[in-house]
Amino acid sequence: MRWLIMLILLSCVSCMTGCSAYAVHHDLSNEVSIQQQDDLKPIVKKLFGTELEKDEAASVSVSKRILNYKIHDEIQILKNEQDTYYIVTYDILPASLEFILAGGGERAEDGWITNCVRYVTLQAVNGEYQIKSMSSGP
């Protein structure tokens, strides 16, 4: 019985290794390498923070305004045939209870909305990166 379990575990590990090797090979064949994608994460975080700062302005309606935000350090990458998506998780403190919650997140007792998620794509314009799109899914 132990041998059977050991055989099953080895088969699973072997399969996972093969799948991982395929994913790395697949990503390396595209224009932007995995290392370059990782190097862009701080840029994504900075640009996304700039977008959230716009929602802090007094000119934004109270149902969309935020008082503060926290962007989580871990940014995931999802790549498909068309784009590379940077999956940004963040928390926001809305200006009022009338805040319209779009794109997920969980209301905490302290007023914060935690674990909001946005899928961000970048584009290079004149040697500088800009946000191409932001959405709640790919």
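Residues numbered from 1 in each chain as written. Predicted model: local features only at pLDDT ≥ 70, side-chain atom pairs only at ≥ 80, totals over all residues. Heavy atoms only, no water.

Examining the pattern of salt bridges
Step number 1: Evaluated as defined, the whole model comprises three salt bridges.
Step number 2: Where K132 meets D83, a salt bridge forms, and the shortest distance between an N and an O atom there is 3.2 Å. Taken as a pair, K132 in strand 6 (residues 128–135) and D83 in the loop between strand 2 (76–79) and strand 3 (84–94) lie far apart in primary sequence, 49 residues in all.
Step number 3: Accessibility expressed as a relative area gives 45% for K132, which makes it partly exposed.
Step number 4: Note on D83: relative accessible area 18%, which makes it buried. (Salt bridge = Lys/Arg side-chain N within 4 Å of Asp/Glu carboxyl O. Helix = DSSP H or I, 4+ residues; strand = E, 2+ residues; numbered from the N terminus. Buried < 20%, exposed > 50% of the residue type's maximum accessible area, 1.4 Å probe, protein only.)

A short note on the nonpolar core
Step number 1: V44, F48, L52, I71, V88, Y90 and I92 are the most contacted members of the largest nonpolar core, which has 17 residues in total.
Step number 2: Of all elements in the fold, only helix 3 (41–54), strand 1 (66–71), strand 3 and strand 5 (113–125) reach the threshold of two or more residues within this core.
Step number 3: Once you skip the residues sitting within four places of it in the chain, V44 turns out to touch I75, Y86, V88, V120 and L122. (Core = buried A, V, L, I, M, F, W, Y, C linked by side-chain atoms within 4.5 Å. Contact = heavy atoms within 4.5 Å.)

Quick look at the environment of E98
Step number 1: Relative to the elements of secondary structure, E98 occurs in the loop between strand 3 and strand 4 (106–107).
Step number 2: The spatial distance from the C-alpha of E98 to the C-alpha of S63 is 5.1 Å, given a sequence separation of 35 residues.
Step number 3: Beyond its immediate stretch of four places on either side in the chain, E98 contacts V62 and S63.

Some points on the packing of aromatic side chains
Step number 1: The full count for this structure, using the stated rule, is two aromatic pairs.
Step number 2: Between F48 and Y90, the ring centres sit 4.9 Å apart and the planes meet at 65°, which makes this aromatic pair edge-to-face. Residue F48 is located in helix 3, and its partner Y90 is located in strand 3; the two are separated by 42 residues in the primary sequence. Grouping residues by exposure puts F48 and Y90 together as buried.
Step number 3: Between Y85 and Y119, the aromatic rings sit 6.2 Å apart at their centres with planes inclined by 75°, giving edge-to-face as the arrangement. Pair noted here: Y85 is in strand 3 and Y119 is in strand 5, with a separation of 34 residues, a long-range link. (Phe/Tyr/Trp six-rings, centres within 6.5 Å; stacked < 30°, edge-to-face > 60°.)

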